[in-house]
Amino acid sequence: MTTIRLTVAQALVRFLAAQYTERDGTRRRLIGAMWGIFGHGNVAGIGQALVEYPDLMPYHQGRNEQAMVHAAVGYARQSGRLSAHAVTTSIGPGATNLVTGAALATINHLPVLLLPGDVFAARPADPVLQQLEVPYAGDVSVNDTLRPVSKYFDRITRPEALIPSALQAVRVLTDPVDTGAVTLALPQDVQAEAYDWPERFFAERVWTVRRPGADAAELTEAVQAVRAARRPLIVAGGGVHHSRAERALAEFAGATGIPVASTQAGKGSLRYDHPQDVGAIGHTGTATADGLARAADLVIGVGTRYTDFTTASGTLFENPDVRFLNLNIAPFDGHKLAGLPLVADARSGLEELTERVRMHGHRVAGEYVAEYTGAKDRWERTVDACFAAPDPAARPTQPQVLGALDALVDESDIIVNAAGSLPGDLHKLWRARSADQYHLEYGYSCMGYEIPAALGVKLAAPERNVWALVGDGTYLMLPTEIVTAVQEGVAIKLVLLQNHGYASIGGLSQAVGAERFGTAYRYPAGDGTYTGAPLPVDLAANAASLGMRVLRAGTVGELRAALGEARAADVPTCVYVETETSDTVSGAPPAQAWWDVPVAATATRPSAVKARELYERHVSTRRRHL
């Protein structure tokens, strides 16, 4: 057997460079690049290996470890989960900073390879700098915090252990059911240790990303359920996009006339102007989709996890005879809500369903089509009213900012968002023009995701305009990767909205009787609240200080001009706008369905007492689907 003598880190880089995915005849490199911040846990191992093999593994210099994972996740999603990035860190805080990003990746079923440094395996000096000592367990390090948020975790304490572990890591990264964050913890002494590796370990490997079809019996039951339904509704989730099943969904919807609502992850599964698209569903949904959901007798979930925002915390699907048919590649999700499971790849399953339904010539009644078509038209008029900004000299509302952007973009633009008040407005109002235009991370709804994720998306699609939509609260969480975008010349567009606080949580706080406590970015008022004057914080100046080109927009007219200038820019560019938040100015439509956030059971303040009364009325409508 021919061997090659390399360090563990060198062997890992060479191995990763030889891994490929293939789906539908398209082959892609699995690990497209590696992000890294170096310290004593990885500088002499992975750092040296990247210098040793500069042509094998492209490198991106990050500023924050959590942000590096977000960038990798953005890249993986835009790449259809067929290509991913790796992230290397030192030990200690560098490693624990990965936890939030890892949770986000795993919850959203998006692949990312994490390579945190670890303490010495041989323990020549104990403890080393940044080591956590656990008196009852000598084999525990801070990297163990990554176990519950990883789909696969291993600590490589001997060089030869890398071989089976690396193969398992790639298996999970390329598995459409089990993918998520994969962690290989690398003790710093092991990274630098030499070993005689079998040459075959570095041979090119192609991992097929499977498209399993449906079980025949499950398919027969599914067809029967579809044919028996009089008011069916499709709920399109993120699995539609992961499978690239948008065309198959359009064909099924067109053949049957069944309307399609979408979750945050599934929005864009149909274009907004497709006859069967009825918009967003759930707490942040449209009146059209939520009205159809309340009366539906069959809910066909395609690639959805049925989160509480989608089900309105178990209150949305009111029809006493409602049944669920769940097309999902993951059996765990296929059996939710006591539904009929159709365990299959979304595209394969939809194609099989369409073929079988067409054999029977099944289509919903014309009256049902007329009902949802009329409701869809009415909601579009609501969107028009929210987007309208008749006075170009006025300060824009948040929906008017979205309206100005909506009027500018075409199907090639991509918008990225994750948290705050923007997700609700976007879900209700945004008109998705292409399958991948709407990039909303709502599985973890992680503040700080947007800017680094936009960077990752742009790296995956350099020819596209990529917009990160960010409120002031999110911006202050994690603006660091602006520096990386400037350094590498990645021309992301940032729309930075200043509303002086946590607008989303402020509204929620008001609704649950907490009176917006601690949600505004203002000076203390002397009574324990922060209701004084706004802080003199200039986020536009901050973005400029990090190297970004900044365009300030104080009015609707200035906003339109700035957005157009930013879209044409070939350098990282920020449009900064302070939004109008007055209650007298029209905002987005209110929530069309409930969301369960428990309210204080005992209180003396009138706002909390009233909120509890309303809460109990909503809770009484919740049901278990059995």
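Everything in this summary refers to the structure shown in the same document. The structure presented is a predicted model; accordingly, all values stated were derived computationally and were not measured. (Residues numbered from 1 in each chain as written. Predicted model: local features only at pLDDT ≥ 70, side-chain atom pairs only at ≥ 80, totals over all residues. Heavy atoms only, no water.)

1. A few points about the overall build of the protein
- Along the backbone of the protein there are 24 helices and 23 strands.
- Over its C-alpha atoms, taken along the principal directions, the protein stretches across nearly 70 × 70 × 55 Å.
- Here the protein, with 626 residues, has 57% of them falling under the buried criterion.
- Here the protein displays about 24,500 Å² of accessible surface, and carbon together with sulfur accounts for 53% of that area. (Helix = DSSP H or I, 4+ residues; strand = E, 2+ residues; numbered from the N terminus. Buried < 20%, exposed > 50% of the residue type's maximum accessible area, 1.4 Å probe, protein only. Areas by Shrake-Rupley, 256 points an atom, 1.4 Å probe, with all protein chains shown as cover.)

2. Describing the side chain of Gln 188
- Here Gln 188 lies in helix 7 (residues 188-191).
- Classification of Gln 188 by relative accessible area gives buried; the value is 15%.
- Apart from the residues within four sequence positions on either side, Gln 188 is in contact with His 40, Gly 41, Ile 91, Asp 118, Val 119, Phe 120 and Val 128. (Contact = heavy atoms within 4.5 Å.)

3. Regarding the pairing of strand 8 (residues 152-155)
- In the sheet, strand 8 pairs with strand 9 (residues 181-187) via four bridges, with the strands oriented parallel. Across the sheet, residue Tyr 152 finds its bridge partner in strand 9, namely Val 182.
- Handedness of the crossover joining strand 8 and strand 9 through helix 6 (residues 162-173): right-handed. (Pairing = 2+ DSSP bridges. Right-handed = clockwise from strand over helix to strand, strands pointing away.)

4. Topic: the pattern of salt bridges
- Per the stated rule, a full pass over the model turns up 30 salt bridges.
- For Glu 318, the salt bridge is made with Arg 294, and the minimal N-O distance between the two is 3.8 Å. With Glu 318 in the loop between helix 12 (308-311) and strand 16 (323-328) and Arg 294 in helix 11 (residues 287-295), the pair connects residues that are 24 residues apart, well separated along the chain.
- Taking the shortest distance from any N to any O, the salt bridge between Arg 605 and Glu 515 comes out at 2.5 Å. Taken together, the residues span a long stretch of sequence, with Arg 605 in the loop between strand 23 (573-578) and helix 24 (606-619) and Glu 515 in the loop between helix 21 (503-511) and helix 22 (539-545) at a distance of 90 residues. (Salt bridge = Lys/Arg side-chain N within 4 Å of Asp/Glu carboxyl O.)

5. A word on empty space enclosed by the protein
- Taken as a whole and judged by the stated rule, the model has three cavities of 30 Å³ or more.
- As a volume, the largest cavity reaches approximately 180 Å³.
- As for the largest cavity, its lining consists of 21 residues, of which Lys 267, Tyr 272, Asp 277, Gly 279 and Glu 380 are closest to the centre.
- Listing elements by their share of the lining of the largest cavity, those giving two or more residues are strand 14 (277-280), helix 15 (366-387) and helix 17 (422-429).
- For the lining of the largest cavity, the residue count by class is nine nonpolar, five polar and seven charged.
- When its volume is computed, the second largest cavity comes out at roughly 60 Å³.
- Taken together, Arg 23, Gly 80, Arg 81, Leu 82, Leu 173, Thr 174, Asp 175, Pro 176, Thr 179, Val 209 and His 242 make up the full set of residues lining the second largest cavity. (1 Å grid on protein atoms, 1.4 Å probe; cavity = no way out; pocket = protein on both sides within 12 Å on 5 of 7 lines; lining within 4 Å. Points joined across faces, edges and corners; volume = space filled by probe spheres on them. Nonpolar A, V, L, I, M, F, W, Y, C, P; charged D, E, K, R; others polar.)

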